[in-house]
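Coordinate analysis (summary)
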Amino acid sequence: MDSPQVVPVHVSFIMDGNGRWAKARGKERIFGHFEGVESVRAVLEASVEWGIKYVSFFAFSEENWGRPQEEVLGLMSLMMRSMKNELHSFLSNGIRFRVLGNLDRLSDELRSEIAHMEAATASGDKMTMIIFMSYSGKWDIRQAARRMAEEGGEDIEEYLVTAGVPDPDLLIRTSGEQRISNYMLWQLAYTEFVFTPTLWPDFRKEQYLDALREYASRDRRFGKVK
Ligand code: IPE
Ligand code: IPE
Ligand code: MG
């Protein structure tokens, strides 16, 4: 298969449409989430192959805590299981794994597994994979402003949970929705957006390559004149 002509440094995904994918098959929403994990795996594998340095995924928003308890619990246990399953592949591919968000709201068990995964993969230097969990852009800016005031800091970027991570070059949102849904509000300032009608569980390498082709055709000016 082809490779992208332009390789962005950081590609981020709003993985949307799992519930609709399952519903279209007469299944419970959680089946869409299960299949969505396969898309994460496919995207990750392609990203390693293409030399993309940072790949991030919006997995669970602060607002998603308001979903039915059954779905929330299902997503939390899926997160736990998927992380454990991937440790070996992260280590063999040089992937540093990180989870960013309001982790205080997670169970102790999940939080300690995350800490374990982050520590075990900390020396991964080929690529960084970030999962945004219990995250919202407004929460991030609020917590950054609070800590900056406490410490008398001056640069808010140093206090956002993404400190040290380059801003996304490309944001891909699946399922046809064209909104930010309280994702990285600060960090997306000059990001290119690609919206695709494909539902997340159907988003694989081929669709990823299409999005990267679209990205390659964009003229990024950053407010300057070219
Ligand atoms: C995205 O799929 C996954 C999460 C938000 C956790 P959805 O669960 O939002 O699926 P739709 O949008 O209802 O189809
Ligand atoms: C955005 O999807 C959040 C994640 C993908 C984790 P939602 O399905 O929660 O967003 P809305 O409600 O359609 O805006
Ligand atoms: Mg959705």
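Not measured: the values here are computed from a predicted model.

**Quick notes on unusual backbone geometry**
Peptide bonds are mostly trans, and most non-glycine residues show a negative phi. Notably, serine 134 is not glycine yet its phi reads approximately 55 degrees, a positive angle. With respect to the secondary-structure elements, serine 134 resides in strand 4 (residues 127–135). The backbone of asparagine 182 sits at a positive phi, close to 60 degrees, despite the residue not being glycine. Along the chain, asparagine 182 falls in the loop between strand 5 (170–173) and strand 6 (192–195). Accessibility expressed as a relative area gives 16% for asparagine 182, which makes it buried.

**Examining helix 4 (residues 108–121)**
With 14 residues, helix 4 ought to run about 20 Å at 1.5 Å a step, and its terminal C-alpha atoms sit 20 Å apart, in line with that. All buried positions along helix 4 are accounted for by Leu110, Glu113, Ile114, Met117 and Thr121. Viewed end-on, helix 4 has its buried residues packed into an arc of 105 degrees, placing them on one side of the element. Turned more than 90 degrees away from the buried face of helix 4 sit Asp108 and Ala119, all of them exposed. At its buried positions, helix 4 is contacted by helix 3 (69–93), strand 3 (95–100) and strand 4.

**Here we look at the site of ligand 2**
By nearness alone, every residue bordering ligand 2 is listed as Ile14, Met15, Asp16, Phe58, Ala59, Phe60, Ser61, Asn64, Arg67, Arg173, Arg179 and Ser181. The separation between an oxygen atom of ligand 2 and a polar side-chain atom of asparagine 64 is 3.0 Å. Within the side chain of arginine 179, one N or O atom sits 2.8 Å away from an oxygen atom of ligand 2. Against a free-state accessible area of 390 Å², the protein chains account for coverage of 78% of ligand 2. With respect to the pocket detection grid, ligand 2 is positioned in the largest pocket. The dominant element in the shell around ligand 2, judged by the number of residues it contributes, is strand 2 (residues 54–61), at four residues.

**Some thoughts on the side chain of histidine 33**
Looking at where histidine 33 falls in the secondary structure, it is placed in helix 2 (residues 29–50). Not counting the four nearest positions on each side in its chain, histidine 33 is found in contact with Asn18, Arg67, Glu71, Leu75 and Leu78.

**Here we look at the nonpolar core**
Ranked by internal contacts, the top residues of the largest apolar core, which has 42 residues, are Phe13, Phe57, Met133 and Tyr208. If you tally residues by element for this core, the top one is helix 3, at eight residues. With 14 residues, the next largest nonpolar core counts Phe58, Ile130, Phe132 and Trp139 among its residues.

**Quick word on the site of ligand 1**
As a structural note, the neighbourhood of ligand 1 is formed by 13 residues, with Asp16, Gly19, Arg20, Arg29 and Arg67 the closest of them. In the model, an oxygen atom of ligand 1 is placed 2.8 Å from a nitrogen or oxygen of the arginine 29 side chain. The side chain of arginine 67 places a nitrogen or oxygen atom 2.7 Å from an oxygen atom of ligand 1. In the complex, the protein chains occlude 87% of the 380 Å² of accessible area that ligand 1 would expose alone. The cavity where ligand 1 resides is the largest pocket. Listing elements by their share of the shell around ligand 1, those giving two or more residues are helix 1 (18–23), helix 2 and helix 3. Each residue belonging to the shell around ligand 1 can be placed in one class, and the counts come to three nonpolar, five polar and five charged.

**Some words on the packing of helix 2 against helix 6 (residues 205–216)**
As a packed pair, helix 2 and helix 6 sit with axes 9 Å apart at the nearest point and diverge in direction by 55 degrees. Classed by the angle they form, the pair helix 2 and helix 6 counts as oblique. The handedness of the crossing between helix 2 and helix 6 is right-handed. For the pair helix 2 and helix 6, the contacting residues are Val43, Ala46, Ser47, Glu49 and Trp50 in the first and Lys205, Tyr208, Leu209 and Leu212 in the second. In the contact of helix 2 with helix 6, the residues fall into six nonpolar, one polar and two charged.

About the cut-offs
Residues numbered from 1 in each chain as written. Chains lettered and ligands numbered in written order. Predicted model: local features only at pLDDT ≥ 70, side-chain atom pairs only at ≥ 80, totals over all residues. Heavy atoms only, no water. Helix = DSSP H or I, 4+ residues; strand = E, 2+ residues; numbered from the N terminus. Buried < 20%, exposed > 50% of the residue type's maximum accessible area, 1.4 Å probe, protein only. Expected span 1.5 Å × (residues − 1). Arc of directions from axis to C-beta. Contact = heavy atoms within 4.5 Å. Near = heavy atom within 4 Å. Polar contact = N/O pair within 3.5 Å; in protein donor to acceptor, adjacent residues only side chain to side chain. Areas by Shrake-Rupley, 256 points an atom, 1.4 Å probe, with all protein chains shown as cover. 1 Å grid on protein atoms, 1.4 Å probe; cavity = no way out; pocket = protein on both sides within 12 Å on 5 of 7 lines; lining within 4 Å. Sits in = over half its atoms within 2 Å of the grid points. Core = buried A, V, L, I, M, F, W, Y, C linked by side-chain atoms within 4.5 Å. Nonpolar A, V, L, I, M, F, W, Y, C, P; charged D, E, K, R; others polar. Axes fitted to C-alpha atoms, helices over the stretch in contact; angles between N-to-C directions. Parallel < 35°, antiparallel > 145°, perpendicular 65-115°, else oblique. Left-handed = near helix turned anticlockwise from the far one by under 90°.

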